[in-house]
Amino acid sequence: MTSIPQKKAFIYAVELLLFLFVNALFILKYVPRTDINAYSVLGIFCIVVLAIVYLFSLPGSKKKEQLSKAGFFLLLSLIIGGIIVFLIKVDRYSVNVDRWSAVTFFLDNLFQGNYPYAAHTHVCETNYPSPFPVWYVVNLPFYLMGDVGLGLIFFILLTAFIVRYYFRSWYKSLFFLLLLSISPAYWWEVMVRSDALSNALLVFTAIIWFNRSGKSLSKNLVIAILICGLIASTRLSAILPLALYFFKPFIQLKLKEKTIFLSGILLIILASFLPFILWNTETWIFFSRNPFMSQSGVGNTYVLIGMIILGIAFSFRWKGLHRFFNTASLFIFIFMALSQVSLILTRGINGSFFSDSTYDVSYFSLILPYCIGYLSGISLSDDNRTSNI
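Residues numbered from 1 in each chain as written. Predicted model: local features only at pLDDT ≥ 70, side-chain atom pairs only at ≥ 80, totals over all residues. Heavy atoms only, no water.

## Some remarks on a nonpolar patch on the surface
Thought 1: On the surface, Leu267, Leu270, Leu274, Leu278, Trp284 and Phe287 cluster together into a nonpolar patch covering about 600 Å² of accessible area.
Thought 2: Within the fold, Phe287 resides in the loop between helix 12 (255-277) and helix 13 (291-295). (Patch = residues over 30% accessible without salt bridge, like charges linked within 9 Å, V, L, I, M, F, W, Y side chains within 5 Å. Areas by Shrake-Rupley, 256 points an atom, 1.4 Å probe, with all protein chains shown as cover. Salt bridge = Lys/Arg side-chain N within 4 Å of Asp/Glu carboxyl O. Helix = DSSP H or I, 4+ residues; strand = E, 2+ residues; numbered from the N terminus.)

## Looking at the confidence of the model for the protein chain
Thought 1: Averaged over every residue, the pLDDT of the protein chain is 90; residues scoring 70 or more account for 93%.
Thought 2: Under a pLDDT of 50 for its full length, residues 380-389 has, in the predicted model, 32 contacts with residues more than four places off or in other chains. (pLDDT = per-residue confidence, 0-100. Contact = heavy atoms within 4.5 Å.)

## Considerations on the packing of aromatic side chains
Thought 1: For the structure on display, the rule yields 53 aromatic pairs.
Thought 2: One Lys or Arg, Lys258, reaches over the ring of Phe250 and ends 5.9 Å from the middle of that ring. (Phe/Tyr/Trp six-rings, centres within 6.5 Å; stacked < 30°, edge-to-face > 60°. Lys NZ or Arg CZ within 6 Å of the ring centre and 35° of its normal.)

## A word on the nonpolar core
Thought 1: Phe19, Ile83, Ile156, Phe261, Phe324, Phe325 and Tyr370 are the most contacted members of the largest nonpolar core, which has 128 residues in total.
Thought 2: Apart from residues no more than four positions distant in its own chain, Phe324 is found in contact with Ile207, Pro241, Leu244, Tyr245, Trp318 and Tyr370. (Core = buried A, V, L, I, M, F, W, Y, C linked by side-chain atoms within 4.5 Å. Buried < 20%, exposed > 50% of the residue type's maximum accessible area, 1.4 Å probe, protein only.)

## Quick notes on unusual backbone geometry
What you tend to see is this: most non-glycine residues have negative phi, and most peptide bonds are trans.
Thought 1: Even without glycine at this site, Arg168 takes up a positive phi of about 55°.
Thought 2: Positionally, Arg168 belongs in the loop between helix 6 (151-167) and helix 7 (170-181).
Thought 3: Unlike most non-glycine residues, Trp284 shows phi in positive territory, near 50°.
Thought 4: By secondary structure assignment, the location of Trp284 is in the loop between helix 12 and helix 13.

## As for the side chain of Ser181
Thought 1: Among the structural elements, Ser181 can be located in helix 7.
Thought 2: The class of Ser181 is buried, set by a relative accessible area of 12%.
Thought 3: A polar side-chain atom of Ser181 sits 2.9 Å from the main-chain carbonyl oxygen of Leu178.
Thought 4: In contact with Ser181, not counting residues within four places along its chain, are Leu75, Ile79 and Trp187. (Polar contact = N/O pair within 3.5 Å; in protein donor to acceptor, adjacent residues only side chain to side chain.)

Here it is as structure tokens:
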């Protein structure tokens, strides 16, 4: 890593710490539920990560690139095999995480003709579906195949090949997959059939495709509207990286284009929600039970205002997609950290942060695609090459 300029070395160290921190949260929260010493696991994990980072920071060669192609497909096969094993071996009803049942029970109710946002999950009768409508459309094929957890296979395949498309290097793509595959945070998502990281990977790959294919907001306004409108109709958290990516070029648009862009996105979002808003025009059940109640119920107004201001500042901070990865990971981390701190100040802690079920560390995993994207592509000189937004 001595060839990396000092500034990039500092940013790399920050991203590495973020990667270690997020995975440490999962180790310290879930390993103590076994007979294994969590701090020993954390120590071993840190050593393994540092060793891998060092090995992949060594100068590459043509032969190493060729070997990496075989390693890429081998590792991808092993990850898919691991996902299949978890889907078979882990009883979905035995886990106390209800993201899979939020999707499944929503679609069950929908096909039975019942208002789907009133369906409670398998965990308790006060937990309701929180994803936005388009996310259920994305997961519909997996639901029809019998298990929404199958989406985990689709999203790892999508991410693997989009990352390869971006890096144009098997070596860097293998590095990306390796860091993801050794992350306890990722395998926790797999074990409990969570779809939060899958949603983050969808946003991540959409941004990469838009940028790497040479598209820009001013020249590809309709495509940008479709991407932003549809993704914003999946989850509230999906809006964060999209806003960071598109805000600066949005400001540079003419007033007419700005109006078309915002109106187009709002129309797509409205169209996705309209069937549920009009589900029952006598009781207007949508207004008493809707996903906004779940996704924004624990928010803090001051944190939100502060993050909007910070987000505007951050959107002007990056130039080139690789620097965007750094900006997005930092911003999402700060947002999640401040949200957790706000929740602690409001509700207090029952026992410890890791034992109190009020606090969900899984939201921190949303930074992983951007964090790993930066770490695995540190030697890319793409700051000018990919600044075509």
